Amino acid sequence: MHKLYKVFNQVEMMNILIKKYLILNIVTKSLTYLLPFILLKISPNMLDINFSDGMTINFGIGYLQQIMKWFFNLILIVLIYKDMCKLNIKSTTILILTFFSSLSGTIFFFFLLFEKKYYYK
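None of the values given here were measured: they were computed from a predicted structure.

J.: So, the overall build of the protein chain: which residues are in play, and what are the values?
T.: A tally of regular secondary structure across the protein chain gives four helices and two strands. Along the chain direction, N to C, the helices and strands of the protein chain fall in the order α-β-β-α-α-α. The globule rule puts the C-alpha radius of gyration for 121 residues at 14 Å, and the 20 Å found for the protein chain is more than 25% above it. Each of the three principal axes of the protein chain carries a C-alpha extent, and together these read 75 × 25 × 15 Å.

J.: Account for the packing of aromatic side chains, naming residues and giving values.
T.: One pass over the structure, following the stated rule, counts seven aromatic pairs. Between the aromatic rings of Y21 and F109, the centroid separation amounts to 5.8 Å while the plane-to-plane angle is 75°, which identifies the pairing as edge-to-face. One end of the pair, Y21, is in helix 1 (residues 2-42); the other, F109, is in helix 4 (residues 102-119), and 88 residues separate them in sequence. Of the residues examined, Y21 reaches a relative accessible area of 1% and is grouped as buried. Assessed through its relative accessible area of 0%, F109 is described here as buried. Taken together, the ring pairs connect Y21, F109 and F110 into an aromatic cluster.

Definitions and cut-offs
- Residues numbered from 1 in each chain as written.
- Predicted model: local features only at pLDDT ≥ 70, side-chain atom pairs only at ≥ 80, totals over all residues.
- Heavy atoms only, no water.
- Helix = DSSP H or I, 4+ residues; strand = E, 2+ residues; numbered from the N terminus.
- Rg over C-alpha atoms; globule rule 2.2 N^0.38 Å.
- Phe/Tyr/Trp six-rings, centres within 6.5 Å; stacked < 30°, edge-to-face > 60°.
- Buried < 20%, exposed > 50% of the residue type's maximum accessible area, 1.4 Å probe, protein only.

In structure tokens, the structure reads:
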């Protein structure tokens, strides 16, 4: 009975982590695409650079979206790192992968977690 209780707690922990990172990925993806439009609605000239000789450079909205994506990915890296420390998992590759693709990083984090918790038992 005691082993069954441990397995149930591990499955419950996995469910909580999956829900947590699923919600975080959906929210960060949504904010990555919505915030630049909101910021440009508030300040339409935010992506324009005016020089003294009258020349103007206008950056596209893609630059702002990419910066937002990297910012939110850094937040996810911190959260994944905290969970990795709690679960005694060490992998900098997952953290680097999360910086470039949050969904891929979290999926590989779950693969590594599943391997450590269930495969090596």
